[in-house]
Amino acid sequence: MAVSSTASVLAAKTFGVTIDKLNKSFDGVPVLTDVSLEVRAGEIFVIMGPSGSGKSVLLKHVAGLERPTSGRVLIGDYDASDPATRDRVRLALVFQDGALFNSMSVYDNLALFPREHRLSNEAGVRERVMHALQILSLEKAVDQFPAELSGGMKKRVAIARALVTEPQLLLYDEPTSELDPVMAATISEIIATLREQTAVTTIVVSHDRDLAVAIADRIAILMDGRIRASGTAADFKHPADPAIANFLSPVIDLKNPRFKQLENDHE
Ligand SMILES: Nc1ncnc2c1ncn2[C@@H]1O[C@H](COP(=O)(O)OP(=O)(O)O)[C@@H](O)[C@H]1O
Ligand SMILES: [Mg+2]
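From a predicted model like this one, the values you see are computed outputs, not experimental measurements. (Residues numbered from 1 in each chain as written. Chains lettered and ligands numbered in written order. Predicted model: local features only at pLDDT ≥ 70, side-chain atom pairs only at ≥ 80, totals over all residues.)

Undergrad: What is the right way to read the sheet that holds strand β9 (residues 218-223) from this model?
TA: The pairing of strands in a sheet happens through backbone hydrogen bonds and is either parallel or antiparallel. Taking strand neighbours across the sheet as the criterion, the six strands line up as β6-β7-β8-β3-β9-β10 in an open arrangement whose pairing is mixed. With partners counted over all chains shown, the strands left at the sheet margins are β6 (91-94) and β10 (226-231), one partner each. Each strand of the sheet is rotated relative to its neighbour by a mean of 15°, with strand direction disregarded. Pairing between strand β7 (residues 169-173) and strand β8 (residues 201-206): five bridges, direction parallel. (Pairing = 2+ DSSP bridges. Helix = DSSP H or I, 4+ residues; strand = E, 2+ residues; numbered from the N terminus. Axes fitted to C-alpha atoms, helices over the stretch in contact; angles between N-to-C directions.)

Undergrad: I would appreciate a short explanation of the nonpolar core in the present structure.
TA: Soluble globular proteins tend to bury their nonpolar side chains together. Within the largest apolar cluster, 67 residues are counted, with the highest numbers of intra-cluster contacts made by Val46, Ile47, Ala160, Leu171 and Ile203. Ranked by the residues each element gives to this core, the list is headed by helix α6 (residues 151-163), at seven residues. No fewer than three residues from each of domain 1 (15-90 + 167-238) and domain 2 (101-165) sit in this core. Among all residues touching Val46, those that are not within four sequence positions of it are Val204, Ser206, Leu211, Ala212, Ala216 and Ile219. (Core = buried A, V, L, I, M, F, W, Y, C linked by C-beta atoms within 7 Å. Buried ≥ 20, exposed ≤ 12 C-beta atoms within 10 Å, placed from the backbone. Domains from an automatic or database assignment. Contact = placed C-beta atoms within 7 Å.)

Undergrad: What am I meant to see in the site of ligand 1 here?
TA: If you check the shell around ligand 1, you find Phe26, Val31, Gly49, Ser51, Gly52, Ser53, Gly54, Lys55, Ser56 and Val57 and nothing else. With three residues, the single largest contributor to the shell around ligand 1 is helix α2 (residues 55-62). Its residues assigned to classes, the shell around ligand 1 shows three nonpolar, six polar and one charged. (Near = placed C-beta within 6 Å. Nonpolar A, V, L, I, M, F, W, Y, C, P; charged D, E, K, R; others polar.)

Undergrad: Got a minute to help me understand the pairing of β6 in this structure?
TA: In the case of a regular strand, side chains alternate between the two sheet surfaces. With burial as the criterion, each face of β6 is covered, one bearing Leu91 and Leu93 and the other bearing Ala92 and Val94. Summarising the sheet, β6 and β7 pair through four bridges and their orientation is parallel. Across the sheet, the residue bridging to Ala92 is Leu170, located in β7.

Undergrad: Please clarify how the sheet that holds strand β5 (residues 78-79) should be interpreted in this entry.
TA: The strand order across the open sheet built from four strands is β2-β1-β4-β5, with neighbouring strands paired in antiparallel fashion. The two strands at the open ends of the sheet, each matched to only one other strand, are β2 (29-39) and β5.

Undergrad: Looking at this structure, how should I read the environment of Ile203?
TA: Mapped onto the elements, Ile203 comes out in strand β8. A residue is classified by how many C-beta atoms lie within 10 Å of it, and Ile203, with 25 of them, is buried. Taking C-alpha positions, Ile203 is 4.9 Å from Leu171, a pair spaced 32 residues apart along the chain. With sequence-adjacent residues up to four places away left out, Ile203 is seen in contact with Val17, Val39, Phe45, Ile47, Leu59, Val62 and Leu171.

Undergrad: In this structure, what is going on with helix α4 (residues 106-116)? I would like to understand it.
TA: For an α-helix, 3.6 residues make a turn, and residues three or four places apart therefore share a direction. By the burial criterion, the buried members of α4 are Val106, Asn109, Leu110 and Pro114. On an axial view of α4, the arc spanned by its buried residues comes to 135°, and they lie on one face. Turning to α4, the residues buried within the fold contact α5 (122-135) and α6. The positive-phi residue at the C-terminal boundary of α4 is Arg118, with phi of around 45°. (Arc of directions from axis to C-beta.)

Undergrad: How should I be thinking about the domain arrangement of the protein chain in this particular structure?
TA: Interface size, as often reported, equals the accessible area lost upon joining of the parts. You can read the domains of the protein chain as domain 1 (15-90 + 167-238) and domain 2 (101-165). Across the contact, ten residues belong to domain 1 and seven residues belong to domain 2. The greatest single-element share of the side of domain 1 that touches domain 2, amounting to four residues, is contributed by helix α7 (residues 181-198). Residue composition of the side of domain 1 that touches domain 2, by class: seven nonpolar, one polar and two charged.

Right under this line is the structure:
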């Protein structure tokens, strides 16, 4: 009895994330500069920024896949770059490309983690996998292979695979990229529903403004590896900062096109 009550307490626990003066350089080239953020337990925090601004690198630090050049990332009180943290916090990263194994069926992709960690016998694994597929309305895809799935289904399978681990911290890298607007809205609904049902702390990096406005408790904007601004969606309705306004609501100006300005910049 004692064991099962401990297990349920653990399952209910969620973690905040503290990013404290994080700096990261690759071969001396800075990619992240003095990034500080506080993500509260149970919230949906969306980090927006243009391509190349350092979003994926930042998320990998939270997942413990990159080590800071200086500064630190804490999950609760645990250092994200300490391998032992992975034993204390169940975190899952949904990669931009899904990172599914193409040679494995949907079932085997999802079963991989519980099998490797010997979380239960095969009947228990099946129960976990089918439950995750059911949450994402994917039961019919169970025997399909990644190559047979549409882009939206692949993203859903990648999310289902994260759910199998019963994460306490869920990280999404560009979950709506390369999807049509309806499928992108569906993924936003899934992210918000999962947080609603499990209170899982959720960090999303994305340049999808619609997603951020619809589901974020708070938003931060990352530009050139620095936090340019942070706040609620309402704070970004009429941004005073021209760089943020241009990023969130770019005006298509045929009289003074951007690619011509780029040309002039180099002259
Ligand atoms: N392992 C790495 N080695 C060297 N440079 C990297 C590495 N990973 C990312 N970068 C560089 O860091 C910058 C930010 O990359 P990234 O975080 O992927 O941007 P975003 O996800 O915002 O599009 C890019 O200039 C990229 O080339
Ligand atoms: Mg990226």
